[in-house]
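Below are the chains, spelled out letter by letter.
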Amino acid sequence: MSTAATGLIDPFKIGGRVFTSRLIIGTGKYRSHDEMKAAHRASGAEMVTVAVRRVPLDRSSESFLDHLDPALQILPNTAGCYTAEEAVRTARLAREALRTDLIKLEVIGDQTTLFPDNEQTLAAARTLCQEGFIVLPYFTDDLIMAKKLLDAGCPAVMPLAAPIGSGLGVQNPANLRIMREQLPDATIIVDAGVGTASDAAIAMELGADAVLMNTAIAEARDTVKMATAMKLAIEAGRLAYLAGRMPKRLYASASSPLAGVVR
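Predicted model only: the values in this text are computed from it and were never measured. Each chain has its residues counted from 1, following the order in which its sequence is written. Local features are withheld for residues below a pLDDT of 70 in this predicted model, meaning they are given only at 70 or higher, and side-chain atom pairs are given and counted only at 80 or more; totals for whole chains, interfaces and linings count all residues. The basis for every side-chain value is the complete set of non-hydrogen atoms in the structure, without hydrogens or water.

Peer 1: Residues and numbers for the overall build of the protein chain, please.
Peer 2: In DSSP terms, a helix is any run of H or I states spanning at least four residues, a strand is any run of E spanning at least two, and both are numbered starting from the N terminus. Looking only at helices and strands, one finds nine helices and 10 strands in the protein chain. Whether two residues touch is decided by their heavy atoms; if any such pair falls within 4.5 Å, the residues are in contact. Sequence separation of 24 or more characterises 65% of the internal contacts of the protein chain that already satisfy a separation of 6 or more.

Next up, the structure:
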């Protein structure tokens, strides 16, 4: 069911740009360029993230950049950076080569878990925001760090659901719920760890404004079907969040009221 069919006219904004899809998709791990293109189409995504350090930005050789739909907004990322200085240099290169101020900021602190280094991320975010970048920082699901990143000038924050590429789903739903409640006006994009459609729906039901994913689609047996599933899950989760779920109860509550029942 499309967004129009559900009556959900609910645009998603980042840095003055308006998107109708709340799914942000990646480019890595696909088995072929054709498979990537088909999955992108099925997802309905309007923004795609690109690892700056893993592609020839000068187009000196063929890469997935040559196979992206021109209508997609490119979101360069600083994957593979381990210091604030590296990330800042990579972001500057991306802006020069790809002509966009958008940057997904990643500063990794551990090679095994790929957990972010929050301190280095904050340092890089401060520099990049001062230079006019639209910084979307990837960080652990920590409320205090989220506040610091927003104070630094980031228009959105990207807490992880689980380690990158793990497919474990949302591991700390309470943290995301607290972040949503304490930062009601912030744009929160859940990034990393989604494995299947129910994970995406849960993230959205917790109040996330969007979800970024790559491996969950690229490593699915049928990438097009999974991309479609993710599109629908994002829409369903958003609708459920806006609708407001019923309260949980310890005991049963009759679906039909007892008042007026013939005795």
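Peer 1: Lay out the nonpolar core with the relevant residues and their values.
Peer 2: Buried residues of nine kinds, namely Ala, Val, Leu, Ile, Met, Phe, Trp, Tyr and Cys, make up a nonpolar core once their side-chain atoms join them within 4.5 Å. Working definition: with a 1.4 Å probe on protein chains only, accessible area under 20% of the residue-type maximum means buried, over 50% means exposed, and in between means partly exposed. Counting 37 residues, the largest nonpolar core has Val211, Met213, Ile217 and Met230 as its most contacted members. Counting residues per element, the ones that place at least two in this core are strand S3 (23–25), helix H2 (33–43), strand S4 (47–51), helix H7 (197–205), strand S10 (210–213), helix H8 (215–218) and helix H9 (223–243). In contact with methionine 230, other than residues within four places in its own chain, are Leu23, Val194, Gly195, Thr196, Ala197, Ala200, Met213, Ala216 and Ile217. Counting 28 residues, the second largest nonpolar core, distinct from the first, contains Ala84, Val88, Cys129 and Ala146.

Peer 1: So what's going on with the side chain of glutamate 86? Residues and values would help.
Peer 2: Assignment of secondary structure puts glutamate 86 in helix H3 (residues 84–98). Overall, the relative accessible area of 18% leaves glutamate 86 in the buried class. Distance and chemistry together define a polar contact, namely a pair of N or O atoms within 3.5 Å, with one atom able to donate a hydrogen and the other to accept it when in protein, and with adjacent residues in sequence counting only for side-chain atoms on both sides. At a separation of 2.8 Å, a polar atom in the side chain of glutamate 86 contacts the main-chain amide nitrogen of tyrosine 82. With residues up to four places along the chain from it excluded, the contact list for glutamate 86 reads Arg53, Gly80 and Cys81.

Peer 1: Lay out the pairing of strand S6 (residues 102–105) in plain terms, naming residues and giving numbers.
Peer 2: With burial as the criterion, each face of S6 is covered, one bearing Leu102 and Lys104 and the other bearing Ile103 and Leu105. Sheet analysis places S6 next to strand S7 (residues 134–139), joined by four bridges and oriented parallel. Within S7, the position partnered with leucine 105 by the bridge is proline 137. For two strands to count as paired, DSSP must find a minimum of two bridges between them.

Peer 1: Could you give an account of helix H6 (residues 173–182), with specific residues and numbers?
Peer 2: Buried within H6 we find Leu176, Met179 and Arg180. The arc that holds every buried residue of H6, seen down its axis, measures 100°, which confines them to one face. Buried residues along H6 sit in contact with S7, helix H5 (143–151), strand S8 (156–159), strand S9 (187–191) and H9. The arc in question is traced by the directions running from the helix axis to the C-beta atoms.

Peer 1: An account of the packing of aromatic side chains is needed here, citing residue identities and associated values.
Peer 2: For this analysis, a ring pair means two rings from Phe, Tyr or Trp (six-membered ring only for Trp) whose centres lie within 6.5 Å, classed as stacked if their planes differ by under 30 degrees, edge-to-face if by over 60, and tilted for the remaining angles. Per the counting criterion, the structure on display carries one aromatic pair. Between the aromatic rings of phenylalanine 12 and phenylalanine 19, the centroid separation amounts to 6.4 Å while the plane-to-plane angle is 45°, which identifies the pairing as tilted. Of the two residues examined, phenylalanine 12 and phenylalanine 19, each falls in the buried class. By definition here, charges over rings are those cases where NZ of Lys or CZ of Arg is within 6 Å of the ring centre and within 35 degrees of the ring normal. Seen from the ring of phenylalanine 133, arginine 95 lies directly overhead, with NZ or CZ sitting 3.8 Å from the centre.

Peer 1: Break down unusual backbone geometry for me, with residues and values.
Peer 2: The phi angle of most residues is negative, glycine excepted, and most peptide bonds adopt the trans form. Residue arginine 99 is not a glycine yet carries a positive backbone phi of 60°. Mapped onto the elements, arginine 99 comes out in the loop between H3 and S6. A residue is classified by how much of its surface remains accessible, and arginine 99, at 66% relative accessible area, is exposed. Look at alanine 192: it is not a glycine, yet its phi comes out positive at around 85°.

Peer 1: Could you give an account of the packing of H3 against helix H4 (residues 118–130), naming the residues involved and the relevant values?
Peer 2: Packing of H3 against H4 leaves a shortest axis separation of 8 Å and a crossing angle of 40°. Note that H3 runs across H4; the crossing there is right-handed. Judged by residue contacts, Ala84, Glu85, Ala87, Val88, Ala91 and Arg92 of H3 engage Gln120, Ala123, Ala124, Thr127 and Leu128 from H4. Each residue is assigned to one class: nonpolar for Ala, Val, Leu, Ile, Met, Phe, Trp, Tyr, Cys and Pro, charged for Asp, Glu, Lys and Arg, and polar for all the others, Gly among them. Residues of the contact of H3 with H4, tallied by class, amount to seven nonpolar, two polar and two charged. Between N-to-C directions, angles cover 0 to 180 degrees, with each direction set by a line fitted to C-alpha atoms, over the stretch in contact for helices. Each crossing gets its hand from how the near helix is turned against the far one by less than a right angle, where anticlockwise is left-handed and clockwise is right-handed.

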